[in-house]
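The primary structure of each chain is shown beneath.
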Amino acid sequence: MESFRNKLDKNRIPKHVAIIMDGNGRWAEKHGKARVFGHENGVESVRSVVEGAGEIGVKHLTLYAFSTENWLRPKPEVEALMELLVHAIDNETELLMKNNVRLSTIGDLSKMPVKVKEKLNGCINFLKDNTGLNLILALSYSSKWEIIKAVQNISQDSIEGKIKPEMINDKLFEEYLNTAEIPDPELMIRTSGEFRISNFLLWQIAYSELFFTEKLWPDFRKEDLFEAIFDFQNRERRFGKTREQLTM
Ligand code: FPP
């Protein structure tokens, strides 16, 4: 079968794609293994998707790797996920470098174990001059946390006289989000057949196209990303306008 990659309009590749990587636990269960086995195999999907996104010229790829709510999972699973992150960084940094990928994070990094923070910072620093894909890992992230944090910082700056309440608008608010400087995702993908947003980029997806697939994350590959982008390119994005206005 012809790859979706060949069907893509090169001039309309989304600048930012966000992915809710879901279904690792169910994938492991299907294979009669512990949940961690699913997370381990999810790393291969991350590798494939990062490579694919870079190849077609996506500028920013945000992956929901660990949510604020994930801290509530059983301690051994949380620890295994943290270990996996450290290993993934150790094993993948060279390939990321080769593929000209930059790394950044969003989320409450202060909650992450010191070892993970050190690894991440080392990797971010090592890749900082790369000019290709910006891989954004959402870690200890939730959208409500991000929005509350923004409100707190806006209030503080207001008390200190740096801003006035009447200056607060969409643009200023966005400067206080973790995603300041990053364009909103045009496309958000969720795997594993769940139809939820789960506290991910709530402000930023105001006009994003949503793509849901039954595939479990460890089965997802770059070809599935190309399929999602092909689907996206065949939708009409109206941003609240009428169809007639779009052609004017
Ligand atoms: C959701 O599946 C997945 C996660 C909470 C973790 C995602 C982590 C990885 C893919 C591996 C490491 C990531 C990087 C960036 C190297 P789930 O456990 O909720 O699955 P379930 O809904 O079937 O239980």
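Residues numbered from 1 in each chain as written. Predicted model: local features only at pLDDT ≥ 70, side-chain atom pairs only at ≥ 80, totals over all residues. Heavy atoms only, no water.

**Some remarks on the packing of helix 3 (residues 75-98) against helix 4 (residues 114-126)**
Line of reasoning, step 1. The N-to-C vectors of helix 3 and helix 4 enclose an angle of 10 degrees; their axes lie 9 Å apart at closest approach. Classified by the angle between their axes, helix 3 and helix 4 sit roughly parallel to one another. Each of Met-82, Glu-83, Leu-85, Val-86, Ile-89, Asp-90, Thr-93, Glu-94 and Met-97 in helix 3 lies in contact with helix 4, whose residues at this interface are Lys-115, Val-116, Lys-119, Leu-120, Cys-123 and Phe-126. (Axes fitted to C-alpha atoms, helices over the stretch in contact; angles between N-to-C directions. Helix = DSSP H or I, 4+ residues; strand = E, 2+ residues; numbered from the N terminus. Parallel < 35°, antiparallel > 145°, perpendicular 65-115°, else oblique. Contact = heavy atoms within 4.5 Å.)

**A few points about the confidence of the model for the chain**
Line of reasoning, step 1. Of all residues in the chain, 100% have pLDDT values of 70 or greater, and the mean over the chain is 97.
Line of reasoning, step 2. Mean pLDDT in the chain bottoms out at helix 8 (residues 243-247), which sits at 85, and peaks at strand 1 (residues 16-20), which reaches 99. (pLDDT = per-residue confidence, 0-100.)

**Here we look at the sheet that holds strand 3 (residues 102-106)**
Two modes of strand pairing occur in sheets, parallel and antiparallel, and in both the strands are linked by backbone hydrogen bonds.
Line of reasoning, step 1. One open sheet holds the 6 strands; their spatial order is 3-4-2-1-5-6, and the pairing between them is parallel. At either margin of the open sheet sits one strand with a lone partner, and together these are strand 3 and strand 6 (209-212). With direction set aside, neighbouring strand axes in the sheet form an average angle of 20 degrees.
Line of reasoning, step 2. The pairing of strand 1 with strand 5 (residues 187-190) spans 4 bridges and is classified as parallel. (Pairing = 2+ DSSP bridges.)

**A word on helix 5 (residues 143-159)**
Line of reasoning, step 1. Here helix 5 spans 24 Å end to end across 17 residues, near enough to the 24 Å set by a 1.5 Å rise per residue.
Line of reasoning, step 2. Along helix 5, the residues that are buried comprise Ser-143, Glu-146, Ala-150, Ile-154 and Asp-157. Down the axis of helix 5, the buried side of the element spans an arc of 70 degrees, and every buried residue falls inside it. In helix 5, the exposed positions that point more than 90 degrees away from the buried face belong to Lys-144, Ile-148 and Ile-159.
Line of reasoning, step 3. Contacts made by the buried residues of helix 5 are with strand 4 (134-141) and helix 6 (170-175).
Line of reasoning, step 4. Taken from the residues just after helix 5, Gly-161 is the one with a positive phi, measuring 80 degrees. (Expected span 1.5 Å × (residues − 1). Buried < 20%, exposed > 50% of the residue type's maximum accessible area, 1.4 Å probe, protein only. Arc of directions from axis to C-beta.)

**Side note on the pairing of strand 2 (residues 60-67)**
Line of reasoning, step 1. Across the 8 residues that make up strand 2, a large majority, 7, are buried.
Line of reasoning, step 2. Pairing between strand 1 and strand 2: 5 bridges, direction parallel. Residue pairing for strand 2: Ile-20 is matched across the bridge by Tyr-64.
Line of reasoning, step 3. Bridge count for strand 2 against strand 4 is 7 bridges, and the pairing is parallel. Within the sheet, the bridge partner assigned to His-60 lies in strand 4 and is Asn-134.

**Re the pairing of strand 1**
Line of reasoning, step 1. The element strand 1 is largely enclosed, with a buried count of 5 among its 5 residues.
Line of reasoning, step 2. On strand 1, burial covers both faces: His-16, Ala-18 and Ile-20 on one face and Val-17 and Ile-19 on the other are all buried.

**Focus on the nonpolar core**
Within soluble globular proteins, side chains that are nonpolar tend to cluster in buried spots.
Line of reasoning, step 1. Core analysis: the biggest nonpolar cluster contains 43 residues, and Ile-19, Leu-61, Leu-135, Ile-189 and Leu-225 have the highest contact counts within it.
Line of reasoning, step 2. Sorting elements by how many residues they give to this core places helix 3 first, with 7 residues.
Line of reasoning, step 3. When neighbours within four sequence positions are excluded, Leu-61 is seen to be in contact with His-16, Val-17, Ile-19, Val-49, Val-50, Ala-53, Leu-133, Asn-134, Leu-135 and Ile-136. (Core = buried A, V, L, I, M, F, W, Y, C linked by side-chain atoms within 4.5 Å.)

**A short note on the packing of aromatic side chains**
Line of reasoning, step 1. With the rule as written, the count across this model stands at 10 aromatic pairs.
Line of reasoning, step 2. Taking 5.9 Å as the distance between ring centres and 85 degrees as the angle between the ring planes, the aromatic pair formed by Tyr-141 and Phe-200 counts as edge-to-face. Separated by 59 residues along the polypeptide, Tyr-141 in strand 4 and Phe-200 in the loop between strand 5 and strand 6 bring together distant segments of the chain.
Line of reasoning, step 3. Judged by its relative accessible area of 0%, Phe-200 falls in the buried class. (Phe/Tyr/Trp six-rings, centres within 6.5 Å; stacked < 30°, edge-to-face > 60°.)

**Points about the site of the ligand**
Line of reasoning, step 1. In the vicinity of the ligand, 16 residues are found, and the nearest of them are Asp-22, Gly-25, Arg-26, Arg-35 and Arg-73.
Line of reasoning, step 2. Gly-23 has a polar backbone atom sitting 3.3 Å from an oxygen atom of the ligand.
Line of reasoning, step 3. One of the backbone nitrogen or oxygen atoms of Asn-24 is found 3.1 Å away from an oxygen atom of the ligand.
Line of reasoning, step 4. Contact with the protein chains removes 90% of the 630 Å² of surface that the ligand exposes when unbound.
Line of reasoning, step 5. Broken down by secondary-structure element, the contributors of at least two residues to the shell around the ligand are helix 1 (24-30), helix 2 (35-56) and helix 3.
Line of reasoning, step 6. Partitioning the shell around the ligand into residue classes produces 7 nonpolar, 5 polar and 4 charged. (Near = heavy atom within 4 Å. Polar contact = N/O pair within 3.5 Å; in protein donor to acceptor, adjacent residues only side chain to side chain. Areas by Shrake-Rupley, 256 points an atom, 1.4 Å probe, with all protein chains shown as cover. Nonpolar A, V, L, I, M, F, W, Y, C, P; charged D, E, K, R; others polar.)

**Focus: the environment of Val-101**
Line of reasoning, step 1. Along the chain, Val-101 falls in the loop between helix 3 and strand 3.
Line of reasoning, step 2. Ignoring anything within four residues of it in the chain, the contact list for Val-101 reads Val-50, Leu-96, Leu-127, Asn-130, Leu-133 and Leu-135.

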